[in-house]
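This is what each chain is made of:
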Amino acid sequence: MSATFVGMPAFPAAAHEAVADTTLRGNLRHATHTIRAKRAAAVAEVSDWAQLREAGRRIKDHTLRHLDRYLVQVEEAVTAAGGTVHWAADAEEANRIVTGLVRATGESEVVKVKSMATQEIGLNEALEAEGIRAYETDLAELIVQLGKDRPSHILVPAIHRNRAEIRDIFRSEMSQWGRPAPEGLTDAPAELAEAARLHLREKFLRAKVGISGANFVVAETGTLVVVESEGNGRMCLTLPETLISVVGIEKVVPTWRDLEVFLQTLPRSSTAERMNPYTSMWTGTRDEDGPSAFHLVLLDNGRTDTLADEVGRQALRCIRCSACLNVCPVYERAGGHAYGSVYPGPIGAILSPQLRGTASEIDASLPYASSLCGACYEVCPVAIDIPEVLVHLRERVAQGGEATRQGNKVVLKPARGHAAERAAMRAARWAFSHPGALRGGQRLASRTRRLHPRTLPGPGRAWTGTRDLPPVPAEPFRDWWQRTHGGKEDAK
């Protein structure tokens, strides 16, 4: 995975700084509350939402179990339709393929459709290193690019910016990238949108190369699908002579009938729309329409390693709707930048550590960037049990960090900073396997309850800084049960 965010502090430090930014918190609170309220209303209109959610989960799980077969089917279908398929094992290989394809056209600039995969691999930076300028055409991505910023939300990358900030960015930066902002530009949404439209239009008409991702790839025909709300994506997909699409291997769905499910659940979960205003589909090339050359780059970049994890693999069901971000109390207060990844929020907290590993301080901290309230699971349109994966990854982090080889064995080097946690878990395991000791400990805790502190000492002070320890009951449950039921299993 790309090292774009390397150098940032771990989540606790980044979040501590972010929550002190009152402007950021205000922007996030207003935006997330608005989006999730609209989403709830849109979902409530569908009487069979639970069935659609379950269907999406099953389609994704089936596809992941048979991904090898469906990927071969994709390659055969795309090739038969006049396209060329490239396989990229990691970010470096994907960037090398794409930059080589652009150089082969002789062009020095490209227009881009909003794409998480290209952000993941750091494609814009790789193109710039080769003297190729990439222009983001999604309005929010344009704001981020002009502001020399980083995305902070999957669906709304500039969610951390308000209208006044966007106006100032357009005024100061647009002229460095092309057509300048109009004189007297205000922060009225219509004026900001018009400034962006005029700025981008000249790039659409001039560009010879377009780069995209894809929301879905239909295996039976090799068709790629992009859904959007602005129309900029369609301009990038249809006007250039060469189209290069970088797509994660998990984006495959077997058939058009399967696609129908996601075209119902994705727009309602993301933009709270019944359907996306623009749904673009392309299959290879056609002489009379669209680009004359099409290249599909199928990206692994840690996905097959994630697929090997029976618990963690459900993260690959994600259809990038961002519903989990909009209901997450942690994201709402800390913002997307604190996650140190292009995938922020609850889904980023489980996806990034799997794609990148947990060796770095940033990635080892992400599974802990959650209250485990479960709101993310409730809104996920493909039923990813994010809390389950978070706990699973916390266990991985606590049990061991970097893998090392000792003779013929591969062992996990103990993770730093989790010695006390491992010791506590070993003590709990011993206690629960010795009923007599557990009963004695419970009775001792109850009899000394008035002496117990309300906060924990040492490192535990961070947890009890904003909450009290729960009081110990006056009587252990076992003793209460023995006293009230005589030890019988049936209360009757």
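Predicted, not measured: the structure shown is a model, and the values here were computed from it.

A. Region of interest: the overall build of the chain. In terms of helices and strands, the chain carries 23 helices and 12 strands. The C-alpha atoms of the chain give a radius of gyration of 26 Å, which matches the 23 Å a tight globule of 492 residues would have. Out of the 492 residues in the chain, the part that is buried amounts to 49%. When the accessible surface of the chain is split by element, carbon and sulfur atoms take 52% of a total near 24,100 Å². Computed over 61 positive and 59 negative side-chain charges, the separation of the two mean positions in the chain equals 9 Å.

B. Layout of the packing of aromatic side chains. If you walk through the whole model with that rule in mind, you get eight aromatic pairs. Seen from their ring centres, Phe-11 and Tyr-339 are 4.9 Å apart, and the 50° between their planes marks the pair as tilted. On the criterion of sequence distance, the pair formed by Phe-11 in helix α1 (residues 11–18) and Tyr-339 in the loop between α15 (329–334) and α16 (345–356) is long-range, its members being 328 residues apart. Grouping residues by exposure puts Phe-11 and Tyr-339 together as buried. For the pair Tyr-135 and Trp-177, a centre-to-centre distance of 6.1 Å together with 75° between the ring planes defines the contact as edge-to-face.

C. Inspection of the side chain of Thr-358 at higher detail. Tracing the backbone shows Thr-358 in the loop between α16 and α17 (361–365). Aside from chain neighbours lying at most four places away, what touches Thr-358 is Pro-353, Asp-363, Ala-364, Arg-396 and Val-397.

D. Here's a closer look at the sheet that holds strand β5 (residues 216–218). If you walk across this open sheet you meet the four strands as β8-β5-β6-β9, and the pairing is mixed. The sheet is open, and its two borders are formed by β8 (252–253) and β9 (278–282), each paired with just one other strand. Pairing analysis gives three bridges linking β5 to strand β6 (residues 223–228), with the strands arranged antiparallel. The residue of β6 that forms the bridge with Phe-216 is Val-225. Where helix α12 (residues 256–270) meets the sheet, its contacts fall on β5, β6, β8 and β9, and the angle it forms with β5 comes to roughly 160°.

E. Highlighting the side chain of Arg-303. If you trace the backbone, Arg-303 turns up in helix α13 (residues 303–307). Here Arg-303 falls in the buried class, since its relative accessible area comes to 2%. In this structure the side chain of Arg-303 is engaged in a polar contact, spanning 2.9 Å, whose partner is the backbone oxygen of Asp-300.

F. Quick look at the environment of Val-156. By the element assignment, Val-156 lies in the loop between α8 (139–146) and α9 (163–177). Take Val-156: its relative accessible area is 27%, and that puts it in the partly exposed class. In the structure, Val-156 is positioned 49 residues away from Leu-205 in sequence and 25 Å away in space, judged by C-alpha atoms.

G. A look at the nonpolar core. If you look at the biggest cluster of nonpolar residues, it comprises 102 residues, and the most contacted ones within it are Phe-11, Phe-170, Leu-296 and Ile-350. Beyond its immediate chain neighbours, meaning those up to four positions away, Ile-350 contacts Ala-315, Ile-384, Ile-386, Val-389, Leu-390 and Leu-393. Among the nonpolar cores identified, the runner-up in size contains 20 residues, and Ala-88, Ala-91, Leu-101 and Ala-134 belong to it.

H. Structural context of the pattern of salt bridges. One pass over the structure, following the stated rule, counts 26 salt bridges. Here Arg-161 and Asp-149 are joined by a salt bridge, their closest N and O atoms 3.1 Å apart. Of this pair, Arg-161 sits in the loop between α8 and α9 while Asp-149 sits in the loop between α8 and α9; the two residues are 12 residues apart in sequence, bridging distant segments of the chain. Residue Arg-161 is classed as partly exposed on the basis of its relative accessible area, which comes to 26%. Taking relative accessible area as the criterion, Asp-149 reaches 23% and is therefore assigned partly exposed. The closest approach of N and O atoms between Arg-286 and Glu-288, which form a salt bridge, is 2.9 Å. The pair formed by Arg-286 and Glu-288 is uniform in burial state, with each residue classed as exposed. The structure contains a network of salt bridges with shared partners spanning Glu-54, Arg-57, Arg-58, Asp-61 and Arg-317.

I. The packing of helix α3 (residues 49–65) against α12, seen in detail. The N-to-C vectors of α3 and α12 enclose an angle of 120°; their axes lie 10 Å apart at closest approach. Between α3 and α12, the interaxial angle falls into the category oblique. Between α3 and α12 lies a crossing of left-handed hand. Of the residues in α12, those touching α3 at Trp-49, Leu-52, Ala-55, Gly-56, Ile-59 and Lys-60 are Asp-258, Val-261, Phe-262, Gln-264, Thr-265, Arg-268 and Ser-269. A class-by-class count of the residues in the contact of α3 with α12 yields six nonpolar, four polar and three charged.

J. Highlighting the packing of α3 against helix α4 (residues 67–80). Direction vectors running N to C along α3 and α4 enclose 85°, while the axes themselves pass 5 Å from each other. By the criterion of interaxial angle, the relationship of α3 to α4 is roughly perpendicular. Contacts from His-62, Thr-63, Leu-64 and Arg-65 in α3 reach Leu-67, Arg-69 and Tyr-70 in α4.

K. Examining the environment of Leu-263 more closely. Within the secondary structure, Leu-263 sits in helix α12. Along the chain, Leu-263 and Met-275 lie 12 residues apart, while their C-alpha atoms are 7.0 Å from each other. Sequence-distant contacts of Leu-263, that is, excluding residues within four places in its chain, are made with Val-227, Arg-274 and Met-281.

L. Molecular detail of the sheet that holds strand β7 (residues 242–248). Spatial strand order, β1-β10-β7-β4-β2-β3: six strands in an open sheet with parallel pairing. Bordering the open sheet on either side are β1 (84–88) and β3 (133–136), each of which pairs with just one other strand. Adjacent strand axes in the sheet meet at a mean angle of 25° when their direction is disregarded. Here four bridges tie strand β2 (residues 109–112) to β3, and the two strands are oriented parallel to one another. Bridge pairing links Glu-109 to Arg-133 in β3. The strands touched by α4 within the sheet are β1 and β10 (293–299), with β1 carrying the most contacts at an inclination of about 145°.

Conventions adopted
- Residues numbered from 1 in each chain as written.
- Predicted model: local features only at pLDDT ≥ 70, side-chain atom pairs only at ≥ 80, totals over all residues.
- Heavy atoms only, no water.
- Helix = DSSP H or I, 4+ residues; strand = E, 2+ residues; numbered from the N terminus.
- Rg over C-alpha atoms; globule rule 2.2 N^0.38 Å.
- Buried < 20%, exposed > 50% of the residue type's maximum accessible area, 1.4 Å probe, protein only.
- Areas by Shrake-Rupley, 256 points an atom, 1.4 Å probe, with all protein chains shown as cover.
- Lys, Arg positive; Asp, Glu negative; His and termini not counted.
- Charge placed at Lys NZ, Arg CZ, Asp CG, Glu CD.
- Phe/Tyr/Trp six-rings, centres within 6.5 Å; stacked < 30°, edge-to-face > 60°.
- Contact = heavy atoms within 4.5 Å.
- Pairing = 2+ DSSP bridges.
- Axes fitted to C-alpha atoms, helices over the stretch in contact; angles between N-to-C directions.
- Polar contact = N/O pair within 3.5 Å; in protein donor to acceptor, adjacent residues only side chain to side chain.
- Core = buried A, V, L, I, M, F, W, Y, C linked by side-chain atoms within 4.5 Å.
- Salt bridge = Lys/Arg side-chain N within 4 Å of Asp/Glu carboxyl O.
- Parallel < 35°, antiparallel > 145°, perpendicular 65-115°, else oblique.
- Left-handed = near helix turned anticlockwise from the far one by under 90°.
- Nonpolar A, V, L, I, M, F, W, Y, C, P; charged D, E, K, R; others polar.

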